[in-house]
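The residues making up each chain are set out below.
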Amino acid sequence: MQLKILTLHNNQLLTISVERRKFVSKTLLATMIGALGTDIVFGKLLPLDYVPLAFQDPDPFKMFQIDPEMVVLNEKPWNIEAKAHMLDDKITPNKFMFVRNNGIIPENIDLANWSLTIDGESVIKSKTYSLTELKSKFKTYTYQLLLECGGNGRSEFDPPAKGNQWTVGAVSCASWTGVRLRDVLEDAGIKKNAVYIGYHATDLHLSRDPGKEPISRGVPISKALQDETLLAYQMNGKDIPLVHGHPLRLVAGGWPASVSGKWINRISIRNKVHDGEKMEGSSYRMPCKPIAPGENVPDEAMCIIESMPVKSIITYPKSGAMLPKGKKLKIRGHAWAGELQVAEMHYSIDYGATWTSCPVEKPVNRLAWQHFSADISLPQEGYYEVWAKATDSRGVSQPMLLPGWNPKGYLNNACHRIAIKIT
Ligand SMILES: Nc1nc2c(c(=O)[nH]1)N[C@H]1C(S)=C(S)[C@@H](COP(=O)(O)O)O[C@H]1N2
Ligand SMILES: [Mo]
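Rules behind the numbers
- Residues numbered from 1 in each chain as written.
- Chains lettered and ligands numbered in written order.
- Predicted model: local features only at pLDDT ≥ 70, side-chain atom pairs only at ≥ 80, totals over all residues.
- Heavy atoms only, no water.
- Helix = DSSP H or I, 4+ residues; strand = E, 2+ residues; numbered from the N terminus.
- Rg over C-alpha atoms; globule rule 2.2 N^0.38 Å.
- Buried < 20%, exposed > 50% of the residue type's maximum accessible area, 1.4 Å probe, protein only.
- Contact = heavy atoms within 4.5 Å.
- Areas by Shrake-Rupley, 256 points an atom, 1.4 Å probe, with all protein chains shown as cover.
- Lys, Arg positive; Asp, Glu negative; His and termini not counted.
- Charge placed at Lys NZ, Arg CZ, Asp CG, Glu CD.
- Pairing = 2+ DSSP bridges.
- Axes fitted to C-alpha atoms, helices over the stretch in contact; angles between N-to-C directions.
- Disulfide = S-S within 2.5 Å.
- Domains from an automatic or database assignment.
- Buried area = accessible area lost by both parts, 1.4 Å probe.
- Salt bridge = Lys/Arg side-chain N within 4 Å of Asp/Glu carboxyl O.
- Polar contact = N/O pair within 3.5 Å; in protein donor to acceptor, adjacent residues only side chain to side chain.
- Nonpolar A, V, L, I, M, F, W, Y, C, P; charged D, E, K, R; others polar.
- Near = heavy atom within 4 Å.

Trainee: Teacher, can you tell me more about the overall build of the protein chain here?
Mentor: Helix and strand content of the protein chain: five helices and 25 strands. Relative to a compact globule of 423 residues, whose C-alpha radius of gyration would be 22 Å, the protein chain shows 24 Å and is just as compact. Classification of the 423 residues of the protein chain by burial places 51% in the buried group. For the protein chain, long-range pairs separated by at least 24 residues make up 68% of all intrachain contacts whose partners lie at least 6 apart in sequence. Carbon and sulfur atoms make up 53% of the accessible area of the protein chain, which amounts to about 19,500 Å² in all. Taken together, the 50 basic and 43 acidic charged side chains of the protein chain have centroids lying 2 Å from each other.

See below:
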């Protein structure tokens, strides 16, 4: 019987196997001393089944170098979200980027031997590229891209939907650098009958069964061929952090972030809708027609989520802020609309009875979020809420309250609200 200990050493996840005996073995002790970088005094007395504290419960904040205020929703697998005010930066810094894992983060990544294979029924010639080849053969592009988990906002659904109870913080807009997926797919050759691509990655299924994939999703070929769809190797100007997909990830902004595969090593060009893990059943699907809350929906009546709906978030001030009477309240935040642009931004201080428009900037590039701000006069002392509402280029606005209930709790794009007290 073996006991596995997962820890972090020099930014690499390290698995140590422990043999079952009465006291720890000399070899294990030596490995642990090596990992700690200091002697374990009295180490010979460590009972066999005892995991030294230094190796227990890896601290996600240290391990992923994220802000201590980030909220851990699940440890197995890791799922961590930001709070609204932490998303105030125009470009989301690494420390505030949400983490959404379906399986176990790959261990012991071997960069020299990492490769990406393009295959599938609709590839003209299957090809494999090393990281160096990818970086040198194809032109590099950088875009700011919006990634929002399809389940962001799930916690508000009633009856409740199972899964991570995301509130508002499973969204990010970082700067991604890499090569265009299109350039690589075209280099291998795309047959006329191609309809979809599907990614495969090196993260492990929670059962550690190597024959199972935690997730393998994809996008229609038209989305794969967009200028902004990247095979990224950098995030915010540096190597992508391990937890966000190092050394290579797909980034397809404006769609549920589940299509942006992390740690990818294979992309299949498919002659049908990709049928990988979490493409079928009710995963990342919405009822094709609206249903009543709690209603049962057969799988055949569920449609794959594509572009994400229009949405916004107030990132300043923090909800609960207090302000002296007579001062104007400055608010700011971001708005996005999947494949579309945000055309208008409004706020309300009277629970949606009246709305005032406020400026919203153009995106730096397609599929990046847009920034809004306003100076608000509040008539008298007391409690207020500020509600924000974005409208997309087709005239569709965010609903004030929770939109269409669905079995998995996807696509809650209700208006974000903050509380303010004037004293
Ligand atoms: N290989 C792999 N890619 C993945 C996932 C995963 O579990 N494994 N999770 C997906 C989901 S559901 C989301 S929302 C995003 C989260 O990306 P982030 O953790 O970098 O924020 O990655 C997507 N890509
Ligand atoms: Mo997700």
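Read on for the rest.
Trainee: Explain the sheet that holds strand β4 (residues 78–81) here, please?
Mentor: In a beta sheet, neighbouring strands pair by backbone hydrogen bonds and run either parallel or antiparallel. Judged by pairing direction, the sheet is antiparallel, and its three strands sit side by side in the order β3-β4-β5 without closing on themselves. Looking at which strands have only one partner, the edges of the open sheet turn out to be β3 (71–75) and β5 (99–100). In this sheet, β5 lies alongside β4 in antiparallel orientation, the contact comprising two bridges. Bridge pairing links Ile 80 to Val 99 in β5.

Trainee: I'm lost on the sheet that holds strand β24 (residues 382–392) in this one. Help?
Mentor: Across the sheet, which stays open at both edges, the five strands sit in the order β19-β25-β24-β21-β22 with mixed pairing between neighbours. Both edges of this open sheet fall to β19 (321–323) and β22 (356–358), since each of them pairs with a single strand only. Strand-to-strand twist in this sheet, taken as the mean axis angle between neighbours without regard to direction, amounts to 35 degrees. Bridging between strand β21 (residues 342–348) and β24 involves six bridges; their strand directions are antiparallel. Within β24, the position partnered with Met 345 by the bridge is Ala 390.

Trainee: What should I look at first to understand the state of the cysteines in this one?
Mentor: By definition, a disulfide links the sulfur atoms of two cysteines through a covalent bond. What the rule picks out here adds up to one disulfide. Take Cys 173: it sits in no disulfide, and the sulfur closest to it among the cysteines is that of Cys 149, at 16 Å.

Trainee: Explain the domain arrangement of the protein chain to me, please; I cannot follow it from the model alone.
Mentor: A common way to state how big an interface is: give the accessible area lost once the parts meet. One can read the domain layout of the protein chain as domain 1 (2–55), domain 2 (62–304) and domain 3 (311–422). Of the residues lining the interface, 47 residues belong to domain 2; the matching set on domain 3 comes to 32 residues. Summed over both partners, the interface of domain 2 with domain 3 buries about 3,300 Å², with 57% contributed by carbon and sulfur atoms. Broken down residue by residue, the surface that domain 2 buries against domain 3 is led by Asp 88, Phe 157 and Met 286, which jointly contribute 19%. On the surface where domain 2 and domain 3 come into contact, there are six salt bridges. Glu 228 is paired through a salt bridge with Arg 366; the nearest N and O atoms lie 3.3 Å apart. At the surface where domain 2 touches domain 3, the tally comes to 23 residue pairs in polar contact (both at pLDDT 80 or more). Listed by contribution, the elements that provide at least two residues to the side of domain 2 that touches domain 3 are β8 (140–148), β9 (171–180) and β16 (285–287). For the side of domain 2 that touches domain 3, the element with the highest residue contribution is β8, accounting for five residues. Classifying every residue of the side of domain 2 that touches domain 3 by side-chain character gives 20 nonpolar, 14 polar and 13 charged.

Trainee: Would you mind showing me how to read the side chain of Ser 172 here?
Mentor: You can see Ser 172 is positioned in strand β9. Beyond its immediate sequence surroundings of up to four residues, Ser 172 is in contact with Thr 92, Met 97, Phe 98, Leu 145, Leu 146, Leu 147 and Trp 369.

Trainee: Teacher, can you tell me more about the site of ligand 1 here?
Mentor: Looking at ligand 1, there are 19 residues lining it, with Phe 98, Asp 203, His 244, Arg 249 and Lys 262 nearest. At a separation of 2.7 Å, an oxygen atom of ligand 1 approaches a polar backbone atom of Asn 102. Contacts to ligand 1 include Arg 249, whose side-chain N or O atom sits 2.7 Å from an oxygen atom. Residue assignment for the shell around ligand 1 shows that the elements contributing at least two residues are β5 and β10 (196–201).

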